[in-house]
Amino acid sequence: MAPAITLAGMPYDFTDKVALVTGSSRGIGAGMIQAFGAQGARCVVNFVADQDGRNQADAEKIARSLENALLIECDVSDAMQVKAMMDRIANDCGGLDILVNNAGILRDRTIRKMSAEEWDNVLRVNLTGAFHCIQHALPILRPSGRIVNLASVSGQLGLFGQANYAASKAGLIALTKVAARELARQQITVNAIAPGFIETEMTRDLPEEVVKGSLATLPMGRFGEIADVVNAALFLCSPDAHYITGQVLNVNGGFFM
């Protein structure tokens, strides 16, 4: 289960808003959906089934921690499952105000060793999945809605061993800009957040020498926290950001400027 998130500054009010965060069973996604719920939103918790059932168990815990949350299993790489998820949100919640495309996977390997399947799987979830969600959310996304896509510093720098992941996140930044242009008339904003090294379950399992090497590249000398990304998303989805669209908000401690 995600750790408690400390929100910065004055709380935002998302009362009467419906928020969907894909891949919200744990990590950054869990932190985001809990933060939206804490600020009054009706929350949709999404997970994809895995072999040992951990994603579902974690998602159920997150949903139970929220008031009147909707829990939906959906593989975002499958267009029909995404359409069914959006139909259920429309039926149960009446529409959607906030979509955060957070679902993503890593399959790191050098280009020489990367299989076609590893390439395809990452692109299908990280990029095509976001496209599916945006496309099928449009019929239920209310005017003045918000879309936030979780990109990555890897999509800006092209980190070693991440040909598939970096390409998917670079593509997601381009998709963000196109969607921002196409949806501006409806006053729907579309932005991306590009996190750098964030302290999550994955980074906590890194070898000590890898952590030290990574920290040495960061001007601020520390990893970011989940709350740093969450607070960026809350801002972009708030009325304060109503005239910001097509932008990439870097949350990376100065790693990429």
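Structural data are supplied above this passage.
These remarks concern the structure in this document. Every value quoted in this text rests on a predicted model; they were computed, and no experiment measured them.

Calculation criteria
By convention here, each chain's residues receive numbers from 1 onward along its written sequence. pLDDT decides what is reported in this predicted model: residues at 70 or higher carry local features, side-chain atom pairs at 80 or more are listed and counted, and totals for whole chains, interfaces and linings draw on all residues regardless. Note that water and hydrogens are dropped before the side-chain values are worked out from all heavy atoms of the structure. Secondary structure counts use DSSP, requiring at least four H or I residues in a row for a helix and at least two E residues in a row for a strand, with both numbered from the N terminus. Accessible area is worked out with a 1.4 Å probe on protein chains only. A residue is then buried under 20% of its type maximum, exposed over 50%, and partly exposed in between. As used in this structure description, the phrase polar contact means that two N or O atoms lie within 3.5 Å; if the pair is within protein, one of them must be able to donate a hydrogen and the other to accept it, and residues adjacent in sequence are counted only when both atoms belong to side chains. The nonpolar core is taken to be a set of buried Ala, Val, Leu, Ile, Met, Phe, Trp, Tyr and Cys residues, with the residues joined through side-chain atoms within 4.5 Å. By definition in these notes, contact holds between two residues if any of their heavy atoms fall within 4.5 Å. Stacked, tilted and edge-to-face are the three classes assigned to paired rings of Phe, Tyr and Trp, where Trp is represented by its six-membered ring and a pair needs centres within 6.5 Å; plane angles under 30 degrees give stacked, over 60 edge-to-face, the rest tilted. At least two bridges found by DSSP between two strands are what make those strands a pair. We call a crossover right-handed when, viewed with both strands directed away from the observer, the connection leading from the first strand over the helix to the second proceeds clockwise. Put plainly, a pocket is an open set of points on a 1 Å grid over the protein atoms alone with protein on both sides within 12 Å along at least five of seven lines, a cavity is a set where a 1.4 Å probe fits but cannot get out, and a lining residue has an atom within 4 Å of a point. Grid points are joined across faces, edges and corners, and a volume is the space filled by probe spheres set on the points. Throughout, the ten residues Ala, Val, Leu, Ile, Met, Phe, Trp, Tyr, Cys and Pro are labelled nonpolar, Asp, Glu, Lys and Arg are labelled charged, and all others, Gly among them, are labelled polar. The arc in question is the one spanned by the directions pointing from the helix axis to the C-beta atoms.

Before going further, it helps to spend a moment on the side chain of Asp-58. Residue placement: Asp-58 occurs in helix H2 (residues 54–64). For Asp-58, a relative accessible area of 7% corresponds to the buried category. A polar side-chain atom of Asp-58 sits 3.1 Å from a polar atom in the side chain of Arg-26.

Of all hydrophobic cores here, the largest spans 32 residues; its most connected members are Met-32, Phe-36, Val-100, Ile-193 and Val-229. Within the residue set of this core, elements represented by two or more residues are strand E1 (18–21), helix H1 (27–38), strand E2 (42–47), H2, strand E4 (96–101), strand E5 (141–150) and helix H9 (226–236). If one sorts the elements of this core by residue count, H9 sits on top with 7 residues. Other than its neighbours up to four places away in sequence, Val-100 contacts Leu-20, Val-21, Thr-22, Met-32, Phe-36, Val-148 and Leu-150. Counting 30 residues, the second-largest nonpolar core is a separate cluster that includes Ile-72, Cys-74, Val-76 and Ile-140.

This part takes up the packing of aromatic side chains. Counted according to the given criterion, the structure contains 4 aromatic pairs. Measuring from ring centre to ring centre gives 5.3 Å for Phe-14 and Phe-36, while their planes differ by 70 degrees; the resulting arrangement is edge-to-face. Note that Phe-14 is positioned in the segment before E1 and Phe-36 in helix H1, a separation of 22 residues in sequence. Here the two residues Phe-14 and Phe-36 agree in accessibility, since each one is buried. Among the aromatic residues, ring-to-ring pairing joins Tyr-12, Phe-14 and Phe-36 into one connected group.

Right, let's talk about the pairing of strand E3 (residues 70–73) for a bit. With burial as the criterion, only one face of E3 is covered, namely that bearing Leu-70 and Ile-72; the residues Leu-71 and Glu-73 on the opposite face remain uncovered. The sheet contact formed by E2 and E3 spans 4 bridges and is parallel. Considered in E3, the bridge of Asn-46 is made with Ile-72. For the crossover that starts at E2, traverses H2 and ends in the parallel E3, the hand is right-handed.

What follows deals with empty space enclosed by the protein. Scanning all chains against the criterion turns up 1 cavity of 30 Å³ or more. Of the voids in this model, the largest cavity is the one considered here, and its volume is about 50 Å³. With 5 residues, the top contributor of residues to the lining of the largest cavity is helix H4 (residues 116–137). Tallied by class, residues from the lining of the largest cavity come to 6 nonpolar, 5 polar and no charged.

Right, let's get into H2. Taken residue by residue, H2 has Asn-55, Asp-58, Ala-59, Ile-62 and Ala-63 as its buried positions. Projection of H2 onto a plane perpendicular to its axis shows the buried side chains occupying an angular sector of 140 degrees, all on one side. Where the residues of H2 are buried, they touch H1, E2 and E3.

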